[in-house]
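Structural overview for review
Letter by letter, the chains look like this.
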Amino acid sequence: MDQRFQLLPDQASTFAPRVDLLYLFLWSVTAFFTLLIFLLIVYLGLRYRRRSATEVPTPMHGGTALEIAWTVIPLIIVMVIFFWGAKIYFTFYSPPADAIEIHVIGKQWMWKIQHPEGRREINELHVPVGKAVKLVLSSQDVIHSFYVPAFRVKQDAVPGRYTVMWFKATRVGEYHLFCAEYCGTEHSRMVGKVIVMEPDAYQAWLVGSPADQSPVVAGEKLFKTLGCVACHAVQAPTMAGLYMSQQKFTDGSTVVADDNYLRESILDSTAKIVEGYQPVMPSYRNQISEEQVMQLVSYIKSLKNPPREGGSTQFPAAPAPSQR
Amino acid sequence: MTTDPIPAQPIDFDPVESPRDNYLNVNYRIKSWLLTVDHKRIAILYLLGITFFFVIGGIFALMIRLELLTPRGDLLKADTYNKMFTMHGIVMVFFFLIPSIPAVIGNFIVPMMVGARDLAFPRLNLASWYIYILGGVFTMIAMVSGGVDTGWTFYTPYSSVYSNTHVALTAIGIFVTGFSSILTGLNFIVTIHKMRAPGLTWFRMPLFLWSIYATSLIMVLGTPVVAIAIVLVGLERLFNIGVFNPALGGDPILFQHLFWFYSHPAVYIMVLPSMGVVSEIIATFTRRRIFGYKIVALSSLAIALIGFFVWGHHMFVSGQSLYAGMIFSFLSFFVAIPSAIKVFNWTATLYKGSILLATPMYYAMGFIGLFTMGGLTGLFLASLGMDVHVTDTYFIVAHFHYIMVGGAIMGYLGGIHYWWPKITGRMYAEVPAKIAAFLIFIGFNLTFFPQFLVGYLGMPRRYHEYPPEFQVYNVMSTAGASILAVGYVIPLVYLLWSLKYGRRATANPWGATTLEWQTPSPPPTENFLEPPVVTHEAYDFSALSPEVLAGHFPGSASKA
């Protein structure tokens, strides 16, 4: 690492130039007004120094036009900043549908990562350049935050729920990965690297080590060994086509069956009871690890079409424009 | 400095030096201080407590800066470092910044400014000091018996489940101290409503009263919420009651909502009183009514009100919904407007004023510059797409230090210098005071400006170790902190020195218009020899006689 004096971090994602442009605009506004006020104060302070101890300047009361001007002009400026920032944030919250979905679990003090093909890594994240990558984050203990400065993205990993972030890397290279939410003793060592590779190299890397099972396969196995299959598809709601469909509950409320809903239904199975069913499913809280939950969710998400037996037409797949 | 110093003459309410009783010499016994119900003596008690905590918090800050001089964690262990920044935050926020101006300057000045003999509830006032000290004792015990490492924000479930440090004891300390803040706020609200002198209408009130009033509203309405949040952390920690811990069915994000519902407005508890002090100083040292007085007064209330609806901007990457983020961002930009209005109005007040560049004015001008910078960098953080990148980095650290140190502490020091003659009856020494103010300004900027840059480069806050490419900024920061430390020590020396050797102050050395200057320095226990009556709006300098205006012109009169 060198000691060059840089003002912007590497620009390595599609977000980076957009955020940097806003950053430069904000600094222009800040510099303009800070210098304006500072120079005015110094100038006026010297120009109108007290000439005699008993001097009293002629009273001056406010000017309505001035007050309106310095209310409205800042208002216009901040509204521009609001919409500009919100637009970037909106993109940040809208991962493309074809993004590669990678699972990330934070724990004191490491990042555990698993790719859809099964390859696992710790404190390193390999991603292909030019492809959208979506990270589904959770935490096994306290709140962490997945931060890649070169991508200008950050998202907290919160225990008990899934959060999502995405990016599209634009430059091959190695970039810092930091935990940005204070998480205890070794917080500053919960760091790693994001390695952006050419797509071919990424494919080669994915198969380059004894393959772990993909989360979907592992989830399917769990689905059997945990006994889920005994009820689901028979007297319990089937899983096929469930993901992102509209669910109706005994209390009349509805919800779109997203990642967090699936997670909740596994761990807190009686929180929401699907209309027409009894609250008989046991809770799997403290029975299975955070990773196993993610694998089960992956498996359920993979069951996109009704299976051959049919019978799941009560869960029409909802159009899913956004996954948040 | 000036051409025709008019000798300070004794005028009717202004016996320059008389052997009469004042609130300081009326009784010297320790008991008369510890059981006093005189708001002025209670202010002195607070001053001692707050100075103590400022020194403690400052030592923690220096340890942090020394550790960060090098990228490796070579001075402190990781756990020790984490405790340092946690206790720095807790001490500085809860035991220094929040009580600083309200409890010291406010306690001393508010009753005098409204023309009253004391606050509405003098005994409650004394009780609030004891509560503050009690909270401080709990927190100090927690610190010397091993400390706490959660960060001053106490985020769950780290604080409620995972931390092995003295969270509960510290939480009790903060909880207890919160009541001191509530009672002080209550006292100010009632005093300002019920005890104003005849003729002192709302829009004749000095702007310091407006800002203290707005601050008190936040103290009374906001503090209970953080108190509840802290109690819930304690309950979860001690009795495993699931509130925030997801393993017990709780919601860790709920804590952030409760915490920031108070702690964002708490930023305004810290900076609004400084704004009030700055308004007083600028009026007096320009001999001008503050430009747009009414708008400046009402903008304090606007800040207090809007400040309650922006807390979610601390949580843009916490996983809260897109639309919650949008609403909180939108509202956050609105809190910028009344702050901007104040800055423009203060600046306009200078135009064609009669400006005396004494030390308080140095601090006021420094405040405006640094607060402008702090406020504008707040726009970066209110902006959603930008905040995602810079939140939880040194950019945040730099921003809130510009507000809390550059803003709040500059205002506090300005106020201490401005009212020092009134409080002690002595003038401070102008030359070292100006040197210190200058050092503080330079040291402050050198400490915190590089943190904006290194924050944008991605250096996360609360990092004991960091990648070596960030070192150059950290070296600058540590160098600046050293200058800042010197700047803070100098006033401690010359202010103490002035107690014995400073020139004696006249009743109204600056030629100010507000009521506290219309009684001897230091004031008698009952504040005013006769109850004052107000016949003018605030800052009507044309109503002052030349003798009063001449006051005690620094540098013009001989030493006592």
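Calculation criteria
- Residues numbered from 1 in each chain as written.
- Chains lettered and ligands numbered in written order.
- Predicted model: local features only at pLDDT ≥ 70, side-chain atom pairs only at ≥ 80, totals over all residues.
- Helix = DSSP H or I, 4+ residues; strand = E, 2+ residues; numbered from the N terminus.
- Buried ≥ 20, exposed ≤ 12 C-beta atoms within 10 Å, placed from the backbone.
- Contact = placed C-beta atoms within 7 Å.
- Expected span 1.5 Å × (residues − 1).
- Pairing = 2+ DSSP bridges.
- Axes fitted to C-alpha atoms, helices over the stretch in contact; angles between N-to-C directions.
- Nonpolar A, V, L, I, M, F, W, Y, C, P; charged D, E, K, R; others polar.

**Looking at the overall build of chain A**
A count of helices and strands for chain A gives seven helices and 12 strands. For chain A, the residues scored as buried account for 38% of the 324 residues in total.

**Examining the overall build of chain B**
When helices and strands are tallied, chain B shows 16 helices and zero strands. Expressed as a percentage of its 560 residues, the buried residues of chain B come to 65%. Of the contacts formed within chain B by residues at least 6 apart in sequence, a portion of 84% connects residues at least 24 apart.

**Considering helix α2 (residues 64-92) of chain A**
The end-to-end C-alpha distance of α2 of chain A is 42 Å, a good match for the 42 Å that 29 residues give at a rise of 1.5 Å each. Buried residues along α2 of chain A sit in contact with α1 (15-47) and β7 (153-157) of chain A together with α10 (322-350), α11 (359-382) and α12 (384-390) of chain B.

**A word on the sheet that holds strand β5 (residues 132-139) of chain A**
All names here are of chain A. Overall, mixed pairing links the five strands, which are arranged β3-β2-β1-β5-β8 in an open sheet. Here the strands that pair on one side only, and so sit at the sheet edges, are β3 (120-122) and β8 (163-168). Averaged over all pairs of adjacent strands, the angle between strand axes in this sheet comes to 25 degrees, irrespective of strand direction. Pairing analysis gives six bridges linking β5 to β8, with the strands arranged antiparallel. Bridging across to β8, Val136 finds its partner in Val164.

**Brief notes about the sheet that holds strand β9 (residues 173-179) of chain A**
Residue and element names in this part refer to chain A. Spatial ordering of the open sheet is given by β4-β10-β9-β6-β7, a layout of five strands whose pairing is mixed. The outermost strands of the open sheet, each flanked by one partner alone, are β4 (124-128) and β7. Each adjacent strand pair in this sheet contributes to an overall mean axis angle of 20 degrees, direction not counted. As paired elements, β9 and strand β10 (residues 192-197) share five bridges and run antiparallel to each other. Of the residues in β10, the one forming a bridge with Leu177 is Gly192. This element, helix α3 (residues 199-206), spans β4 and β10 of the sheet and lies at about 130 degrees to β4.

**Looking at the environment of Ser318 of chain B**
Relative to the assigned elements, Ser318 of chain B resides in the loop between α9 (293-306) and α10. By the C-beta count within 10 Å, which is 22 here, Ser318 of chain B ends up buried. Along the sequence, Ser318 of chain B and Ile253 of chain B sit 65 residues apart, while their C-alpha atoms lie 7.5 Å from each other. If sequence neighbours within four positions are ignored, Ser318 of chain B has contacts with Asp156 and Val158 of chain A together with Ile253 and Gln256 of chain B.

**Considerations on the interface of chain B and chain A**
Opposite the 87 residues of chain B that make contact, chain A presents 81 residues. Ranked by residues supplied to the side of chain B that touches chain A, first place goes to α10 of chain B with 15 residues. Residues of the side of chain B that touches chain A, tallied by class, amount to 53 nonpolar, 24 polar and 10 charged.

**Observations concerning unusual backbone geometry**
Residues and elements named next belong to chain B. Omega for the bond connecting Thr156 with Pro157 falls within 30 degrees of zero, at -5 degrees, which places this linkage in the cis form. Note on placement: Pro157 falls in the loop between α4 (122-144) and α5 (158-162). A cis geometry characterises the amide bond from Ser521 onward to Pro522, with omega recorded as -15 degrees. Relative to the helices and strands, Pro522 is located in the loop between α15 (471-501) and α16 (546-550). Positive phi values are uncommon outside glycine, yet Phe154 reaches one of about 55 degrees. Along the chain, Phe154 turns up in the loop between α4 and α5. In this model, Arg287 sits at a positive phi of 55 degrees, which is unusual for a non-glycine residue. Inspection of the secondary structure puts Arg287 in the loop between α8 (252-286) and α9.

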